[in-house]
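Listed below are the residues making up each chain.
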Amino acid sequence: MLVEVFCNDNSPLFSEDFYNCLPKRCPICQMPMEMSEALTGLHCSNPKCHSKVAQRLVAMATQLGVKNLGDSRAEKFVDNFGIDNPLLIYSYEPDEDGQMAEDISLDVSRDIVHQFKEKNKFTLAEYIRIANIPNIQMSAFSLFDGFDDLEEAYKAIEAGGVEYIRDCLNIKSKGTEDVSIRAVKVFESLMTFKSDLFEAIDGVEIIKIHTEGMKTIKAVCSTEVGVGFRTKADFYATCNNLYPNIHIEFGSSVTKKTDYLVWAGANGSPAAVTNKVKKARAYNEQGCNIKIVTATEFLGVLEELAGN
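A quick note: this is a predicted structure, and the numbers were derived from the prediction, not measured.

**Observations concerning the overall build of the protein**
Argument step 1. From N to C terminus, the protein includes 13 helices and eight strands.
Argument step 2. Per-residue burial over the protein gives 40% buried out of 308 residues.
Argument step 3. Within the protein, contacts between residues at least 6 apart in sequence are counted, and of these 64% link residues at least 24 apart.
Argument step 4. Within the structure as shown, the protein displays about 16500 Å² of accessible surface, and the carbon and sulfur contribution to it stands at 50%.

Structural data, given as structure tokens:
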């Protein structure tokens with residue numbers, strides 16, 4: 001619900017006319033609207049509002065490189081089937097359930113779903129990240145990287161509560177309220193969307209990386225990967241489907257834990273020296289060992305690792 005905000009002298013920060021002109025309920029689900037903490041915008045208070053579900057679905061498609069699923073089609077699909085969990089795209093069968101919406105053809109529906117199901121293999125942490133749960137994306141690996149089983153991960157989270165979240169995210173207590181707020185928001189979000197994760201997990205394949213013989217490496221791509229790949233997402237999916245005993249965690253930014261940076265200019269070819277390249281070089285100067293390779297060289301590294 002909208003809350004009136006006051007200045008230090010207890011006078012209203014905004015005029016009554018301003019408050020009266022603001023929408024009180026979401027036009028999509030009719031739940032109360034809320035003002036953002038920064039007082040810069042309004043949003044629906046319903047975490048499962050169809051508009052938010054559609055936005056999460058579009059974000060999933062963007063991250064996975066799925067084409068032809070924009071805001072309009074996502075909203076129509078969500079409304080048509082009454083979906084409150086975007087991960088259920090992995091359970092959707094166009095030939096059995098029908099087209100995504102009345103004005104989305106069966107062929108287009110099949111194509112979109114086929115693209116999703118081509119990219120349905122994740123580690124548990126990647127599965128959490130791709131779900132686009134509020135407040136969780138950047139924390140997914142810190143919270144779930146040590147688990148292969150969702151139930152076991154939630155047992156640890158629920159047993160440890162906010163303190164467990166603080167420890168996993170390395171949030172240092174400084175006695176300020178803000179430090180606690182982040183951990184609380186992450187914990188509450190995990191509890192709110194717990195059912196989403198369990199409901200859809202049978203529709204994907206969880207790669208068990210904590211098993212004997214499985215090799216995991218951390219990599220980041222700097223620029224267009226080339227070598228016949230249209231997008232980074234295509235490159236990611238191809239790499240992780242080449243060898244059953246190798247999984248690559250593709251990150252969005254270079255850290256000290258990064259093993260490989262894939263960069264078109266690694267062999268001397270003309271290529272922009274991006275911030276990721278500069279960061280990798282800086283870390284290497286500090287004693288790290290981030291190997292900078294081309295996409296072709298990276299594929300060779302995978303082949304060699306698979307045979308060892």
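**Considering the packing of aromatic side chains**
A ring pair, where both rings are aromatic, is described by two values, the distance of the centres and the angle of the planes.
Argument step 1. Tallying each qualifying case throughout the model produces twelve aromatic pairs.
Argument step 2. Taking the centre distance of 5.7 Å and the plane angle of 70° together, the rings of Tyr260 and Phe298 count as edge-to-face. Pair noted here: Tyr260 is in strand 7 (residues 260-262) and Phe298 is in helix 13 (residues 295-307), with a separation of 38 residues, a long-range link. Here Tyr260 and Phe298 have matching classes, each one buried.
Argument step 3. Grouped by ring-pair contacts, the aromatic residues Phe235, Tyr236, Phe250, Tyr260 and Phe298 constitute a single cluster.
Argument step 4. Above the ring of Tyr260, the side-chain terminus of Lys291 is found at 5.5 Å from the ring centroid.

**A short note on unusual backbone geometry**
Argument step 1. Even without being glycine, Asn68 reaches a positive phi, approximately 70°.
Argument step 2. Counting through the fold element by element, Asn68 comes out in the loop between helix 2 (50-64) and helix 3 (71-81).
Argument step 3. What makes Asn68 partly exposed here is its relative accessible area of 47%.
Argument step 4. For Asn132, which is not a glycine, the phi torsion comes out positive at approximately 55°.
Argument step 5. Examined against the element boundaries, Asn132 turns out to sit in the loop between helix 6 (124-130) and helix 7 (140-144).

**Observations regarding the pairing of strand 6 (residues 246-251)**
Along a regular strand, successive side chains alternate from one face of the sheet to the other.
Argument step 1. The buried count for strand 6 comes to five of six residues, which makes it a mostly enclosed element.
Argument step 2. Bridge count between strand 5 (residues 215-221) and strand 6: six bridges; the pairing is parallel. By the bridge assignment for strand 6, Lys218 is matched with Glu249.

**A look at helix 2**
Argument step 1. Between its terminal C-alpha atoms helix 2 stretches 21 Å, which fits the 21 Å expected from 15 residues at 1.5 Å a residue.
Argument step 2. Those residues of helix 2 lying buried are Val53, Ala54, Arg56, Leu57, Val58, Met60, Ala61 and Leu64.
Argument step 3. Packing partners of the buried residues in helix 2 comprise helix 3, helix 5 (106-118), strand 3 (121-122), helix 6, helix 10 (194-200) and helix 11 (232-239).

**Observations concerning the nonpolar core**
Argument step 1. Ile89, Phe116, Tyr127, Phe144, Ile165, Leu190 and Leu197 are the most contacted members of the largest nonpolar core, which totals 53 residues.
Argument step 2. Per-element accounting of this core gives the leading share, seven residues, to helix 2.
Argument step 3. One finds Phe229, Phe250, Val262 and Phe298 within the second-largest nonpolar core, a separate group that totals 17 residues.

**A few points about the layout of surface pockets**
Argument step 1. Reported here for the largest pocket is a volume of approximately 1300 Å³.
Argument step 2. Around the largest pocket, the lining comprises 40 residues; the ones closest to its centre are Arg129, Phe141, Phe250, Gly251 and Ser252.
Argument step 3. Listing elements by their share of the lining of the largest pocket, those giving two or more residues are helix 2, strand 3, helix 6, helix 7, strand 5, helix 11 and strand 6.
Argument step 4. Top element by residues in the lining of the largest pocket is strand 6. It accounts for five residues.
Argument step 5. The residue makeup of the lining of the largest pocket, split by class, is 15 nonpolar, 13 polar and twelve charged.

**Some details on the environment of Thr192**
Argument step 1. Among the structural elements, Thr192 can be located in helix 9 (residues 177-192).
Argument step 2. Each C-alpha atom of the pair Thr192 and Pro134 lies 9.8 Å from the other, and the pair is 58 residues apart in sequence.
Argument step 3. Dropping the residues within four chain positions of it, Thr192 is found in contact with Pro47 and Lys48.

**Remarks on the pairing of strand 5**
Argument step 1. Examined bridge by bridge, strand 5 and strand 7 share three bridges and lie parallel to one another. Opposite Cys221, over in strand 7, you have Val262 as the bridge partner.

**Regarding the pattern of salt bridges**
Argument step 1. A complete count under the given rule lists eleven salt bridges for this structure.
Argument step 2. In this structure, the salt-bridge partner of Lys194 is Glu158, at a minimum N-O distance of 2.7 Å. Of this pair, Lys194 sits in helix 10 while Glu158 sits in helix 8 (residues 150-168); the two residues are 36 residues apart in sequence, bridging distant segments of the chain.
Argument step 3. Within the structure, one salt-bridge network assembled from shared partners comprises Lys48, Arg56 and Asp196.

The rules we used
Residues numbered from 1 in each chain as written. Predicted model: local features only at pLDDT ≥ 70, side-chain atom pairs only at ≥ 80, totals over all residues. Heavy atoms only, no water. Helix = DSSP H or I, 4+ residues; strand = E, 2+ residues; numbered from the N terminus. Buried < 20%, exposed > 50% of the residue type's maximum accessible area, 1.4 Å probe, protein only. Contact = heavy atoms within 4.5 Å. Areas by Shrake-Rupley, 256 points an atom, 1.4 Å probe, with all protein chains shown as cover. Phe/Tyr/Trp six-rings, centres within 6.5 Å; stacked < 30°, edge-to-face > 60°. Lys NZ or Arg CZ within 6 Å of the ring centre and 35° of its normal. Pairing = 2+ DSSP bridges. Expected span 1.5 Å × (residues − 1). Core = buried A, V, L, I, M, F, W, Y, C linked by side-chain atoms within 4.5 Å. 1 Å grid on protein atoms, 1.4 Å probe; cavity = no way out; pocket = protein on both sides within 12 Å on 5 of 7 lines; lining within 4 Å. Points joined across faces, edges and corners; volume = space filled by probe spheres on them. Nonpolar A, V, L, I, M, F, W, Y, C, P; charged D, E, K, R; others polar. Salt bridge = Lys/Arg side-chain N within 4 Å of Asp/Glu carboxyl O.

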